[in-house]
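If you want the building blocks of each chain, they are given just below.
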Amino acid sequence: MNFQLTEEQKAVQMAARDFARNELLPGVIERDEHQKFPKEQIKKLGELGFLGMMVDPKYGGSGMDSVSYVLAMEEISKIDASTSVCMSVNNSLVCWGLETFCNEEQKQKYLTPLASGQALGAFLLSEPEAGSDATSQRTTAEDKGDYYLLNGTKNWITNGSSADYYLVIAQTYPDKKHKGINALIVHKDWPGVTVGAKENKLGIRGSDTHSIMFQDVKVPKENRIGEDGFGFTFAMKVLAGGRIGIAAQALGIASGAYELALKYSKERKAFGTEISNHQAVAFKLADMATAIEGARLMVIKAAWTKDQGQDYTLSASMAKLYASEIAQWVTNEAVQIHGGYGYVKEFHVERLMRDAKITQIYEGTSEVQKIVISRTVLK
């Protein structure tokens, strides 16, 4: 495997880094404190081609590879994980799912505006009782001939009130269990769609997280993705790719915190010298750097495996599991290195520590990733 990035990949990485520093860093603390959705920043990301990075240019995308995508995700996440999760959902869960599994008419109607940044998407799987268990959907899509009648509630929906289109996983034939599930494209402004209150979260507070309720929503049959009963397979395929994006987010949060801690350690003096000269701090930084490099290699490998057309389920789950664990540990160490200042918002690391926790939860908890991994290794 060639570990050298291409010139195009380096350019994407640099463009994302510049955007994060120039567009996201100013105001990031205020957006976190007031739970303000980064509307203007998301719009600019779309204009730069970062919302449909892996989509074919004929559908309004940037036509990049998955490695470029995770490089960009890392850079954005270093500064603002609230923005990067919106970017991840639109790229990994929405656009990739539409391009891979939708018919041409659906791609022209929905993928093109989503990939070009003219619209924003959301993926609706989690429910109040089922969580991310796609086999236990309480939301129903009753077959009414030429349309489905959609009823139910979805929880923890990123881009919940800002998205134009929802990809909804719902049960049509309960007796068939997971083989009776469908995936439907739903417009947010259709009659019967209600957006609940914004969740008051520990971290990624700028992201738009809501419950979405459906009451007798008529969804045309032409808005079903794939064959009848394809919804479970669709959800599993999409989530596997989504884990690569979240792994990259976790990596970015960790590397952002590490960079801040490294910089601070060279400026802060204690006992007559910079604290980086104290072995206790230097060893922390060495461990952090090593762990981050390991996570980065796993994330890039998962992305590369996907680009090669190989089965990336295992590598994606491993990357997501390890990177999210590292993010939680590294951000905690970064706060510790900052001492009292680490507890203060203006030094950023306390926000990164709060943001890191969610990477262990969404796209399947760490326990879910271990189930996926163990099933593979125990075959």
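Above: the structure in question.
Conventions adopted
Residues numbered from 1 in each chain as written. Predicted model: local features only at pLDDT ≥ 70, side-chain atom pairs only at ≥ 80, totals over all residues. Heavy atoms only, no water. Helix = DSSP H or I, 4+ residues; strand = E, 2+ residues; numbered from the N terminus. Rg over C-alpha atoms; globule rule 2.2 N^0.38 Å. Buried < 20%, exposed > 50% of the residue type's maximum accessible area, 1.4 Å probe, protein only. Contact = heavy atoms within 4.5 Å. Areas by Shrake-Rupley, 256 points an atom, 1.4 Å probe, with all protein chains shown as cover. Axes fitted to C-alpha atoms, helices over the stretch in contact; angles between N-to-C directions. Parallel < 35°, antiparallel > 145°, perpendicular 65-115°, else oblique. Left-handed = near helix turned anticlockwise from the far one by under 90°. Nonpolar A, V, L, I, M, F, W, Y, C, P; charged D, E, K, R; others polar.

1. Some details on the overall build of the protein chain
Then step 1. Tallying secondary structure elements over the protein chain gives 11 helices and nine strands in all.
Then step 2. For 379 residues, the compact-globule formula gives about 21 Å, and the C-alpha radius of gyration of the protein chain, at 21 Å, lands near that figure.
Then step 3. For the C-alpha atoms alone, the extent of the protein chain along its principal axes is close to 80 × 45 × 40 Å.
Then step 4. Burial analysis of the protein chain (379 residues in total) assigns 55% to the buried set.
Then step 5. Residue pairs in contact within the protein chain that sit at least 24 positions apart in sequence constitute 74% of those at least 6 positions apart.
Then step 6. In the form shown here, the protein chain has an accessible surface area of approximately 16400 Å², with 52% of it arising from carbon and sulfur atoms.

2. A short note on the packing of helix α9 (residues 313-338) against helix α10 (residues 349-358)
Then step 1. Taken N-terminus to C-terminus, the directions of α9 and α10 make an angle of 160°; their axes are 8 Å apart at the nearest point. Taken as axis vectors, α9 and α10 run roughly antiparallel relative to one another. The interaxial crossing formed by α9 with α10 has left-handed handedness. From α9, Ala 327, Gln 328, Thr 331, Asn 332, Ala 334, Val 335 and His 338 reach across to α10, where they touch Val 349, Glu 350, Leu 352, Met 353, Ala 356 and Lys 357.
Then step 2. Broken down by class, the residue content of the contact of α9 with α10 amounts to seven nonpolar, four polar and two charged.

3. A look at the packing of helix α7 (residues 231-267) against α10
For any two helices packed against each other, one specifies the inter-axial angle together with the distance between the axes.
Then step 1. In contact at an axis separation of 10 Å, α7 and α10 are set at 160° when each is read in the N-to-C sense. Between α7 and α10, the crossing angle belongs to the class labelled roughly antiparallel. In terms of crossing hand, the pair formed by α7 and α10 is left-handed. Along its contact with α7, which presents Ile 253, Gly 256, Ala 257 and Leu 260, the element α10 presents Val 349, Leu 352, Asp 355 and Ala 356.
Then step 2. By residue class, the composition of the contact of α7 with α10 is six nonpolar, one polar and one charged.

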